[in-house]
Amino acid sequence: MASFSTQNCRIEPLSTFYNFSSLVEVLRLDLIHPLVSGNKWFKLKGYLKEAEEDNKNSLLTFGGAFSNHIVATAAAANMKGFKSIGIIRGEKPSSISQTLQDAAGFGMKLFFVSREFYKQKMLPQEVLDTINVDELYIIPEGGYGKKGAEGAEDILTLSATSSYTHIITAVGTGTTLAGLVFAALPHQKIIGISALKNNFSLQPQIEALLSFAKQQQFSLLHEYHFGGYAKYNKELIQFMNNLYAATNVCTDFVYTGKTFYAVFDLMKQGYFSSTDKILIIHTGGLQGNCSLSKGTLIFGS
Ligand SMILES: *Cc1c(COP(=O)(O)O)cnc(C)c1O
């Protein structure tokens, strides 16, 4: 497996490439590992630790066919010597996605269940038949939960981040954002760009992970989903290609491309003042680009 290190992370300037009125920099979590998506490792580590402490030998989690969380869990399990099981939403397709092939390559056993069954987050009988449930540790879908958020707090300690006034991240379950809010200093505001369309239950879902005092320190923007989760259009792809050409930063079309787009759009709208200092968290996810047809992006994932 390719080298894995949180020490690969660094902060890079973005505003030097563009005529932004405020300082904009990027924390490159995407440099941690090509398949263990930037933020996923942080969300997983608390669960892995608990699984170890409880003497579990198998990790099980839930996700879709292109889930960064599935492949990250498979890779982390492989690295830490756990067996792993993925419960995958939807019937088994005739050709299985690159994401799931990668997960299987890390030794994850995949079980496909109908969308209706998946919603219940239950274990199919064929899993129960093959495993001793006492040895099983279940990680919630997307790593959502307090343990996931606690791990994500460490993202802000990788580099000196105290001078930033705004910290911006892509949002799926909101677990990463909750961790950033936990770790943020009082003068810092966390802005989340939702990758899902009209996912207004995010607000209470994130608040549930935070103390009351911290619940005022973040805001969610719902206008940058480009049609919904994993949807995209020419404008987004063009933006991602232009960003790469100008800065060498690769983004993915599900999460980070939309987040960077949002920052550029907010800049244009005058959302920030000239004294603001903005840090974009590049949460990784580049493996997701392998579901795009070849030649769509000018960079490899
Ligand atoms: C999973 C993922 C997210 C969303 O993280 P949450 O903690 O679920 O909000 C954001 N960016 C990338 C690249 C991801 O893979």
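About the cut-offs
Residues numbered from 1 in each chain as written. Predicted model: local features only at pLDDT ≥ 70, side-chain atom pairs only at ≥ 80, totals over all residues. Heavy atoms only, no water. Helix = DSSP H or I, 4+ residues; strand = E, 2+ residues; numbered from the N terminus. Contact = heavy atoms within 4.5 Å. Expected span 1.5 Å × (residues − 1). Buried < 20%, exposed > 50% of the residue type's maximum accessible area, 1.4 Å probe, protein only. Polar contact = N/O pair within 3.5 Å; in protein donor to acceptor, adjacent residues only side chain to side chain. Pairing = 2+ DSSP bridges.

Novice: Whenever I open this one, the side chain of Gln217 confuses me. Can you help?
Specialist: Inspection of the secondary structure puts Gln217 in the loop between helix H8 (202–207) and strand E9 (218–221). Setting aside anything within four residues of it in sequence, one finds Gln217 in contact with Val181, Ala184, Leu185, Pro186, Gln188, Lys189 and Ile190.

Novice: What's the story with helix H9 (residues 234–247) in this structure? I'm lost.
Specialist: Note: α-helices contain 3.6 residues per turn, so residues at a spacing of three or four share the same orientation. The first and last C-alpha atoms of H9 sit 20 Å apart over 14 residues, in line with the 20 Å expected at 1.5 Å per residue. For H9, every residue scored as buried is listed here: Leu236, Ile237, Phe239, Met240, Asn241, Leu243 and Thr247. Tucked inside the fold, the buried residues of H9 contact helix H10 (256–269). With a side-chain oxygen lying 3.1 Å from the backbone nitrogen of Glu235, the N-terminal cap of H9 falls on Asn233. Directly after H9, the chain includes Asn248, whose backbone phi takes a positive value near 70 degrees.

Novice: For this particular structure, what's the right way to read the pairing of strand E2 (residues 23–28)?
Specialist: The side chains of a regular strand alternate between both faces of the sheet. Among the six residues that make up E2, five are buried, leaving the element largely enclosed by the rest of the structure. As paired strands, strand E1 (residues 11–13) and E2 are joined by three bridges and run antiparallel to one another. Each bridged residue has a counterpart across the sheet, and for Ile11 the counterpart in E2 is Leu27. Inspection of the sheet shows E2 paired to strand E10 (residues 277–282) by six bridges, in the parallel sense. Within the sheet, the bridge partner assigned to Val24 lies in E10 and is Ile278.

Novice: What is the right way to read the pairing of strand E3 (residues 58–63) from this model?
Specialist: Of all the six residues making up E3, six are buried; the element is thus mostly covered by neighbouring parts of the structure. Along E3, one buried face is formed by Ser58, Leu60 and Phe62 and the opposite face, lined by Leu59, Thr61 and Gly63, is buried too. Sheet topology note: the E3/strand E4 (residues 83–89) ladder contains six bridges and is parallel. Paired with Leu59 across the two strands is Ser84, which belongs to E4. Two strands pair when backbone bridges link them, and E3 and strand E6 (residues 136–138) are joined in this way by three bridges, in the parallel orientation. Residue pairing for E6: Leu60 is matched across the bridge by Ile138.

Any functional reading would require information that these geometric values do not contain.
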